[in-house]
Amino acid sequence: MNNLKVRFAPSPTGFMHIGNTRTALFNWLWAKKLGGAFMLRIDDTDKLRSKQEYEDAIRDNLQWLGLTWSEEARQSARADRYNEVTEKLKADGRIYPCYETPEELEFKRKRALAKGLPPIYDRQALSYTVEDIARFEAEGRRPHYRFKLLPGEIKWDDMVRGEVKYEADKLSDPIIIREDGSFLYHLPSVIDDVDFGITHIVRGEDHVTNTASQIQMFEALGGKVPVFAHLPLLTGKEGKLSKRLGSLGVSELRAEGVEAMAISSFLAKLGTSEAIEPFYDLESLAQSLDFSKIGRAQPKFDEEELKHFNTKLVHGLPFAQVSERVNVDETFWEAVKANLNVVADVSGWADVCYQKVTPLIEDKALTDLAAELLPPEPWTQETWNQWINLVKEQSGKKGRELFHPIRKALTAQENGPELKILLPLIGREKALQRLRGIAA
């Protein structure tokens, strides 16, 4: 399926939140698995709210995650194409002008609900006379435009939801052009999908009703209807959408030390029948993608759970993936990574081993004895066991009362990597000074 082509189409009206990121990820993984293409489309038709800083952040986060694209477009550059198609659809009777005000439309909606009817548009605009339109224009009204849905069943086989059916007469003709002449999402998106040969559309389930209307738009344009997959929307851990979830972005998680592959691994398996386990490259993650394993329930996203998962991933990170970000060698990395929460924490343990540390002495008699028994170098990981057994034998101490004071003297920390690992890294000179209570 190397002719497969997907797109991620963010609007640069805000920073990319975790839900957007999940959509981008699934699109990219699907293309990667099947040897297809991934396109970035900037949906910047909202001139008032679109900002360059948001677009720059979207691009930066996608690249940091490794979700690179082979083609891109922006909707603001395609107005002529949208107008061309619009004029054709007007001529075909599929787009028509409406002059109702928002207040009038709201009144109609409430009236329909009061009668127990679905609140869909009644198509009154189709019965306007020339005199009606002249009167509206004289009042200063400007039309908005709707796409006319044809009667009949609209159905598709969704990769997540299975068979989906809608009756067109139970849907409102969607508004596609505002009073000010600007386009809403619906029609430009379909035009782009047709023009750029998009074969699969993976997006949130909040677009399911849009899809029903857009399928008729694809057909009106003579384009091939793509395959759809509608992902259940993320909810907060309380089981509802939260303001925090709607604003939490990759930039923020990245700044807190969460790894790109932790985010991708977590989001790819959240809400599926598979265990959430670390993947260390996108290729492997892509090969594991299976839409049939995505559940229909809305998955609960917990930021703290992601951070705990990130710690698990860090504990398994191979040195090759961090070598350019850390100032330690592979031996040191492998020695301490099991005690890190984020990669940046390695610097703290490098400081413990190589920089000056002020020891914490809580049992001077014990640490003085330990200093006297400190063996000569060279040291290996076996040195610790040989040395601590001598200290244990001569001090009569064991367990926490033996190990804890020595750890605090050597590292000034309550916890950390095994001392058998740290001791050779600290070295005899520093260890001797610290056991004697001297900063070294």
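This text follows the structure it describes.
Anyway, here's the lowdown on the structure attached to this text. All of these numbers come straight from a predicted model, not from anything done at the bench.

### Some details on the overall build of the protein
Reasoning step 1: Within the protein, the regular secondary structure consists of 19 helices and 12 strands.
Reasoning step 2: Relative to the compact-globule value of 22 Å for 440 residues, the protein shows a C-alpha radius of gyration of 31 Å, a clear excess of over 25%.
Reasoning step 3: Seen through its principal axes, the protein has C-alpha atoms that stretch 105 × 45 × 40 Å.
Reasoning step 4: Split into buried and exposed, the 440 residues of the protein put 48% on the buried side.
Reasoning step 5: Considering only contacts in the protein between residues 6 or more positions apart, those separated by 24 or more positions represent 73%.
Reasoning step 6: In the form shown here, the protein has an accessible surface area of approximately 21,400 Å², with 49% of it arising from carbon and sulfur atoms.
Reasoning step 7: Averaging the coordinates of the 60 positive side-chain charges in the protein and doing the same for the 67 negative ones gives two points 3 Å apart.

### Description of the sheet that holds strand β8 (residues 175-177)
Reasoning step 1: If you walk across this open sheet you meet the three strands as β4-β5-β8, and the pairing is antiparallel. In the strand order of this sheet, the two ends are held by β4 (95-98) and β8, each with one partner. The mean angle between the axes of side-by-side strands here comes to 45°, regardless of whether they run parallel or antiparallel.
Reasoning step 2: Pairing of β4 with strand β5 (residues 144-147), which is carried by four bridges, proceeds in the antiparallel orientation. Residue pairing in the sheet places Y96 in a bridge with R146 of β5.

### Re the pairing of strand β2 (residues 37-42)
Reasoning step 1: Counting buried positions over the six residues of β2 gives five, a clear majority of the element.
Reasoning step 2: As paired elements, strand β1 (residues 5-8) and β2 share four bridges and run parallel to each other. Residue pairing across strands places V6 opposite F38, the latter belonging to β2.
Reasoning step 3: Handedness of the crossover is the feature at issue here: the chain leaves β1, passes through helix α1 (residues 18-33), returns alongside β2, and the resulting connection is right-handed.
Reasoning step 4: Of the strand pairs in this sheet, β2 and strand β3 (residues 71-74) are connected by four bridges, and their pairing is parallel. Each residue of the ladder has a partner; that of R41, found in β3, is A73.

Parameters and conventions
- By convention here, each chain's residues receive numbers from 1 onward along its written sequence.
- The predicted origin of the model limits local features to residues at a pLDDT of at least 70 and limits the giving and counting of side-chain atom pairs to 80 or more, whereas totals for whole chains, interfaces and linings rest on all residues.
- Only hydrogens and water are set aside when side-chain values are computed; all heavy atoms of the structure are taken into account.
- A run of DSSP states H or I qualifies as a helix once it reaches four residues; a run of E qualifies as a strand once it reaches two. Both are numbered from the N-terminal end.
- Each radius of gyration is computed over the set of C-alpha atoms, and the globule rule expresses the reference value as 2.2 Å times the number of residues to the power 0.38.
- Relative accessible area decides the class of each residue, using a 1.4 Å probe on protein chains only: under 20% of the type maximum gives buried, over 50% gives exposed, and in between gives partly exposed.
- Between two residues, a contact is recorded if the distance between any of their heavy atoms is within 4.5 Å.
- Every accessible area reported is derived by Shrake-Rupley at a probe size of 1.4 Å, with residue values counting cover from the shown protein chains alone.
- Charge assignment in this entry is limited to Lys and Arg as positive and Asp and Glu as negative, and neither His nor the chain termini are counted.
- Where a charge lies is defined by one atom per residue type, namely NZ (Lys), CZ (Arg), CG (Asp) and CD (Glu).
- Criterion used throughout: strands pair if DSSP finds at least two bridges between them.
- Angles run from 0 to 180 degrees between N-to-C directions of axes, and those axes are lines fitted to C-alpha atoms, restricted for helices to the stretch in contact.
- Handedness is read with the strands pointing away from the viewer; a crossover is right-handed when the path from the first strand over the helix to the second is clockwise.

Purely geometric numbers; function is a separate question.
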